[in-house]
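Per-entry structural report
Here is what each chain is made of, one letter per residue.
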Amino acid sequence: MKKVSIFGATGSIGSNACSIILNNSTKYRVEVLSANKNYKKLAILAKKLNSKYAIISDKRYYKLLKKELSGSKVKTFSGEDDLINLASVKTDFTIAAIVGIAGLKSAYKSIDKTKVLALANKEALVCSGNIFMKKAKKHNTQILPLDSEHNALFQIIEKNNLNLIKNIILTASGGPFWNKKINLKNVSVSDALKHPNWKMGKKISIDSATMINKVLEKIEASILFNLELSRIKIIIHPKSIVHGIVNYVDGNSVMLASQPDMKIPINYALSWPKRSQFNIENISFKKVKDLSFFDTNLKTFPSLRLFKYLNSSKLEYSRLIALNASNEVAVESFIRKKIKFLDIVKVIEKTLISFKNSNPKSISDVFEIHEEACNVSYNYINNLRS
Ligand code: NAD
Ligand code: MG
């Protein structure tokens, strides 16, 4: 039986992972399930999956979680310190599916306690890629991306030599606003949350509308596959059927296609290095009328201009941390209706340029830069509003 822990079990990725495990309960033994506030859902999952531990990060919900789980064998915990302690429980497979930098410490902690770390939390990698990958290499832990594009590229690249890759392509659906004749100035939160192809958490849905998601993903790919940013391209593919393409030096291009359903990459990761039977249709290519690809443009996606502030040949993390921090602050402020949609990229740009390129040496350095960047962003937002 594979021992599995899921950090961020109640979210979109976490729930998909739980449902796959539930349908294959003879193959997996669940150790840790975590959530931030949703104690009810966490308790239901912990009971159904018979997990050893359940941890709620927000301590205000601890008593309620304990009550929901009274009479069960599940051991309950709360708070950030316990979350990090539970990331030390030994597993075969750990899923990092907390959203944002809030998931970094537990994901980092788990690296030497697990064999495979299935990473959905791209923000953690963007902020600490150098430190993160170094630890994974040292402990021989496989980092297996769950992000659909990176999972596709992982499947394509796995056995090939990186030197033979000309470049790689990440596809982007374009989100809710691509090719729509609307003024982005006044789009509402609910408009921005309506993703055409994927059902996801709020933050990544807004990130897809601004295309910051692809900015983060390009950086994520650069770290995972050890390729310079200049060798990673983004193209719009509105159907979200092809997820990633690798162009090899010999004129061959290999692409991966599947339904836009996150259960596919999650199941692939859970079964890796084998493939397993999964009850989902392959793409019926005869039925696909239109497999088009389009260029991105800066008018609809001003976020793509942020690359001009990044070193395209070598990642330098202070600006990446600032980029992520300011985006987290800006998305939260947009959802709370404190700023407008188009302000998101302005907040990021203002924050980014106030940081020089440098490289943190430790996870605590990463959090120091993160806090500093959040302050710069909040100040800018307060000035915008006054
Ligand atoms: P979500 O908002 O649906 O779920 C987030 C999970 O993290 C929840 O379990 C929540 O309780 C937990 N969480 C949130 N804040 C926390 C905090 N401060 N401390 C501890 N736990 C906290 O998000 P999601 O859509 O599942 O995305 C999770 C991650 O996966 C993100 O990094 C996202 O970019 C990435 N991702 C998601 C998808 C998708 O289809 N949803 C696809 C690719 C990548
Ligand atoms: Mg993705």
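As a starting point, this report considers the structure included with it.

Quick notes on the rules
- Residues numbered from 1 in each chain as written.
- Chains lettered and ligands numbered in written order.
- Predicted model: local features only at pLDDT ≥ 70, side-chain atom pairs only at ≥ 80, totals over all residues.
- Heavy atoms only, no water.
- Phe/Tyr/Trp six-rings, centres within 6.5 Å; stacked < 30°, edge-to-face > 60°.
- Helix = DSSP H or I, 4+ residues; strand = E, 2+ residues; numbered from the N terminus.
- Buried < 20%, exposed > 50% of the residue type's maximum accessible area, 1.4 Å probe, protein only.
- Donors = N, O, S within 2.8 Å, 3.2 Å for Na, K, Ca; no water.
- Pairing = 2+ DSSP bridges.
- Axes fitted to C-alpha atoms, helices over the stretch in contact; angles between N-to-C directions.
- Contact = heavy atoms within 4.5 Å.
- Right-handed = clockwise from strand over helix to strand, strands pointing away.
- Parallel < 35°, antiparallel > 145°, perpendicular 65-115°, else oblique.
- Left-handed = near helix turned anticlockwise from the far one by under 90°.
- Nonpolar A, V, L, I, M, F, W, Y, C, P; charged D, E, K, R; others polar.

Overview of the packing of aromatic side chains
- Under the defined criterion, the tally for this structure stands at eight aromatic pairs.
- Taking 5.3 Å as the distance between ring centres and 80 degrees as the angle between the ring planes, the aromatic pair formed by F177 and F341 counts as edge-to-face. Here F341 lies in the loop between α12 (317-335) and α13 (343-353) and F177 lies in the loop between β8 (165-172) and α8 (189-193), a separation of 164 residues in the sequence. As far as burial versus exposure is concerned, F177 and F341 are alike and both buried.
- Summarising the aromatic geometry, the rings of W178 and F294 are spaced 4.9 Å apart at their centres and angled 45 degrees between planes, so their arrangement reads as tilted.

Some words on the coordination of the magnesium ion (ligand 2)
- Taken together, D147 (OD), E149 (OE) and E217 (OE) make up the protein donors of the magnesium ion (ligand 2), found 2.1 to 2.2 Å from the metal.
- Here the donor residues of the magnesium ion (ligand 2) share one chain and are spaced in sequence as D-x1-E-x67-E. One exposure class covers both D147 and E149, and it is buried.

Overview of the sheet that holds strand β5 (residues 93-96)
- Spatial ordering of the open sheet is given by β4-β3-β2-β1-β5-β6-β7, a layout of seven strands whose pairing is parallel. The two strands at the open ends of the sheet, each matched to only one other strand, are β4 (75-78) and β7 (142-145). On average, each strand axis in the sheet is tilted by 20 degrees relative to the strand beside it, whichever way the strands run.
- Of the pairings in the sheet, the one linking strand β1 (residues 2-7) to β5 comprises four bridges and is parallel in character. The residue bridging S5 from the neighbouring strand is T94, located in β5.
- Most of the contacts of helix α4 (residues 79-86) go to strand β3 (residues 53-56), to which it runs at about 145 degrees, and overall it touches β1, β2 (28-35), β3 and β4.

Describing the sheet that holds strand β10 (residues 242-248)
- Within the open sheet, the four strands sit side by side as β9-β8-β10-β11. Their pairing is mixed. The open sheet has two edge strands, β9 (232-236) and β11 (253-257), and neither has a second partner. Across the sheet, the mean angle from the axis of one strand to that of its neighbour is 20 degrees, orientation sign disregarded.
- Where β10 meets β11, five bridges bridge the pair, whose relative direction is antiparallel. Paired with V246 across the strands is V254, a residue of β11.
- Here helix α7 (residues 148-157) sits on the sheet and contacts β8, β10 and β11; the angle it forms with β10, its principal contact strand, is near 40 degrees.
- Relative to β8, helix α10 (residues 212-225) is tilted by about 145 degrees, and along the sheet it contacts β8 and β9.

What about the pairing of β5?
- Residue alternation in β5 divides its side chains into two sets, F93 and I95 and T94 and A96, and both sets are buried.
- Of the strand pairs in this sheet, β5 and strand β6 (residues 116-119) are connected by four bridges, and their pairing is parallel. From the neighbouring strand, F93 faces β6, where its bridge partner is V116.
- Running through helix α5 (residues 104-110), the crossover from β5 to the neighbouring parallel element β6 is right-handed.

A few points about the packing of α7 against α10
- Relative orientation of the contacting elements α7 and α10 amounts to 30 degrees, with a least axis distance of 10 Å. By the criterion of interaxial angle, the relationship of α7 to α10 is roughly parallel. The handedness of the crossing between α7 and α10 is right-handed. Along the contact surface, α7 presents E149, H150, L153, F154 and I157, while α10 presents K214, E217, E220, A221, L224 and F225.
- Class assignment for the residues of the contact of α7 with α10 results in six nonpolar, one polar and four charged.

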